[in-house]
Amino acid sequence: MTTRLLMSGAGKRYPHPSLRKKSADSWSLRGVDLTVEAGEIVAVVGRNGAGKSTLLKLAAGVTHPSAGEVRRARRVAPLIEVGAGFHPDLTGRENVALNGRLLGMSDAEVAAKLESIVDFAELRHVIDSPVKTYSSGMFMRLGFSVAIATEPELLLVDEVLAVGDLPFQVKCLDRIREIRESGAGILFVSHNLAAVQSLSDRALLLEQGEPRLSGGVREVIGAYHELLALGGRGGELGSEAGSDAAVQLVSSHAVDMDGRPRELWDPGDRVVVEMVVEAREDVGPSMVGATLHKEGGGMIGSWLGLNAPRLAPMSAGERRTFSLEVLLNVAAGSYVIDVGMGNEDLSVTHFEQPAVHLAVSTRLGSTGLVDFAPVLTEGDRAG
């Protein structure tokens, strides 16, 4: 089974009739050529409004393309709006039967799978109560459990890992892997980059309705982080900073301990930030400092090389190369390392500006700002 989406102008969005004379048509999705093979998980990432949900609706047949074509499997299970079709006054058991039929299961299939659906949702204690008495998490867990019981050829997944607590999310991940191993193709949309990295075989980055990058998951996630960073700063890092400073940052890049550049870093990695600076005027011995910022999250930490060797004096026009080694004990996200240089008593700053942007991958179960990576052992280590 192969599901292919050829969308040179898919999901064309027309303005409201009252505005049609004032504005041109716009495309919600364009130039996408995506194939999902049997037994493969393809992730789609992008900022809000990039076209991800439109892509899933086209694959599900809810929306039809205004140009291009969509070829899909016969049995498609959309996890786009989990629990859609549930009636609040019906019990959980009655809604399983109703939703199962809406998703293409026969009465016999629903009856045969009812108990396993209830057990997976972990809702046996309330299954005969009206779903209007359920919490939002319970409601979504039941909807997810019904949808994954349909044995689809193509599974469409949209942010379902917001369902329930962490143990239930892990169970959902395992179930999605089982569906893939059974031979189904999966098109997976999520902002949960831990799940994207853990589940997917390939990934597609969408930006403003068009494909930005398609390929390996780590490469695409790295490009997505970079897109987020540039979107927040409105241009290349350091492109305008420090134009009147005594020292200019000529170039900077991040490499690993073997000198290799990376698109995506892991928590706990050591990063070497290599920089070339040029003096615009004579400067004396200099100290170096650095600050780590998380995009959208403020400063994580600051460092001043009080005990580090000073940079030797520089003459006007002279270039100097130096590097900083940084330990990334941080949780997933986009980060910027700002580097500064000043005289020995810190009364004068020669330059201070962003040096590199880093994308750090997600480790499932790690949240917050710091990934301190505890190691669990059993028994008395002291004994």
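Position labels on residues start from 1 in each chain and follow its written sequence. In keeping with the predicted nature of the model, local features appear solely for residues at pLDDT of at least 70, side-chain atom pairs appear and are counted solely at 80 or more, and the whole-chain, interface and lining totals rest on all residues. Side-chain descriptors were evaluated using all non-hydrogen atoms of the structure, hydrogens and water having been removed beforehand.

Undergrad: Quick question: what am I supposed to make of the packing of aromatic side chains here?
TA: Each pair of aromatic rings is reported with the distance of its centres and the angle of its planes. Put simply, two rings from Phe, Tyr or Trp (the six-membered ring, in Trp's case) pair if the centres are within 6.5 Å, and we call them stacked under 30 degrees between planes, edge-to-face over 60, tilted for the rest. If you walk through the whole model with that rule in mind, you get 2 aromatic pairs. Here Phe86 and Phe139 contribute two aromatic rings whose centre-to-centre distance is 5.1 Å and whose plane-to-plane angle is 75°, an arrangement assigned as edge-to-face. On the criterion of sequence distance, the pair formed by Phe86 in the loop between strand S7 (76-79) and helix H2 (92-102) and Phe139 in helix H4 (residues 136-148) is long-range, its members being 53 residues apart. What makes Phe86 buried here is its relative accessible area of 11%. Taking the relative accessible area as the measure of exposure, Phe139 reaches 25% and is therefore partly exposed. Any Lys NZ or Arg CZ that is within 6 Å of a ring centre and within 35 degrees of that ring's normal is treated as a charge sitting over the ring. Cation over ring: Lys171 sits above Phe120, and NZ or CZ is 4.7 Å from the ring centre. Helix and strand labels come from DSSP, where a helix needs a run of H or I of at least four residues and a strand needs a run of E of at least two; each type is numbered from the N terminus. Here the term buried applies to any residue with accessible area under 20% of the maximum for its type, exposed to any over 50%, and partly exposed to those in between, with areas from a 1.4 Å probe on protein chains only.

Undergrad: Please explain the pattern of salt bridges as it appears in this structure.
TA: Pairs may arise between side chains of opposite charge once their charged atoms sit close together. Salt bridge, as used here, is a side-chain nitrogen of Lys or Arg placed within 4 Å of a carboxyl oxygen of Asp or Glu. A full pass over the atoms with the stated rule returns 24 salt bridges. The partner of Arg47 in a salt bridge is Glu207, with the nearest N and O atoms 2.4 Å apart. Separated by 160 residues along the polypeptide, Arg47 in the loop between strand S5 (41-46) and helix H1 (52-60) and Glu207 in strand S10 (residues 202-207) bring together distant segments of the chain. Owing to a relative accessible area of 26%, Arg47 belongs among the partly exposed residues under this scheme. Put simply, Glu344 and Arg310 hold a salt bridge, and the shortest N to O gap is 3.6 Å. With Glu344 in the loop between strand S17 (333-343) and strand S18 (349-360) and Arg310 in the loop between strand S15 (298-304) and strand S16 (319-327), this residue pair connects regions lying 34 residues apart in the sequence. Residue classification places Arg310 among the partly exposed positions, given a relative accessible area of 32%.

Undergrad: I'm lost on the packing of helix H3 (residues 107-121) against H4 in this one. Help?
TA: Think of two packed helices as two axes; the pair is described by the angle between the axes and how far apart they sit. Axes, fitted as lines to C-alpha atoms, cover a helix only where it is in contact. Angles between the N-to-C directions of the axes lie from 0 to 180 degrees. In the contact formed by H3 and H4, the axes pass within 9 Å of each other and the chain directions differ by 140°. Judged by the angle between their axes, H3 and H4 are oblique. You can see that H3 and H4 cross each other, and the crossing is right-handed. Seen from H3, the contacting residues are Ile117, Phe120 and Ala121; seen from H4, they are Arg141, Leu142, Phe144, Ser145, Val146 and Ile148. Split into classes, the residues belonging to the contact of H3 with H4 amount to 7 nonpolar, 1 polar and 1 charged. Just so you know how the angles are binned, under 35 degrees is roughly parallel, over 145 roughly antiparallel, 65 to 115 roughly perpendicular, and the rest oblique. Each helix crossing is assigned a hand: it is left-handed if the near helix lies turned anticlockwise from the far helix by less than a right angle, otherwise right-handed if that turn is clockwise. Whether two residues are in contact is decided by their heavy atoms, any of which lying within 4.5 Å being enough. Residues are sorted three ways: Asp, Glu, Lys and Arg are charged, Ala, Val, Leu, Ile, Met, Phe, Trp, Tyr, Cys and Pro are nonpolar, and all the rest, Gly among them, are polar.

Undergrad: Explain the sheet that holds strand S8 (residues 154-158) here, please?
TA: Within a sheet, adjacent strands bond to each other through the backbone by hydrogen bonds, running parallel or antiparallel. Here we have 6 strands laid out as an open sheet, ordered S7-S8-S9-S5-S10-S11, and mixed in their pairing. Two strands bound the open sheet, and with one partner strand each, they are S7 and strand S11 (210-215). For this sheet the average axis-to-axis angle between neighbouring strands, irrespective of direction, equals 15°. A pair of strands counts as paired when DSSP detects no fewer than two bridges linking them. Note: S5 against S10, 5 bridges, orientation parallel. Among the inter-strand pairings, Ala43 is bridged to a residue of S10, identified as Ala203. Here H1 sits on the sheet and contacts S5, S7, S8, strand S9 (185-189) and S10; the angle it forms with S8, its principal contact strand, is near 155°.

Undergrad: Would you explain the environment of Leu102 in this entry?
TA: Following the sequence through the fold, Leu102 ends up in helix H2. By relative accessible area, Leu102 is classed as exposed at 56%. For the pair Leu102 and Ala147, spaced 45 residues apart in the sequence, the C-alpha separation amounts to 9.9 Å.

Undergrad: Explanation requested: the confidence of the model for the protein chain in the structure shown.
TA: Should the pLDDT be low somewhere, the predicted coordinates at that spot are not to be read in detail. The predictor attaches a confidence to each residue, called pLDDT, with possible values from 0 through 100. On average, residues of the protein chain carry a pLDDT of 81, and 85% of them reach 70 or more. Counting contacts from residues 232-242, a segment whose pLDDT is below 50, to residues more than four positions away or on other chains yields 16 contacts.

Undergrad: Can you help me understand the side chain of Thr291 in this one?
TA: Tracing the sequence through the fold places Thr291 in strand S14 (residues 286-294). We define a polar contact as two N or O atoms separated by no more than 3.5 Å, with the added condition that, inside protein, one atom must be a possible hydrogen donor and the other a possible acceptor, whereas residues neighbouring each other in sequence contribute only through side-chain atom pairs. Side-chain polar atoms of Thr291 contact the side chain of Ser302, separated by 3.4 Å. Those residues in contact with Thr291, other than ones at most four positions away along the chain, are Met299, Gly301, Ser302, Val336, Ile337 and Asp338.

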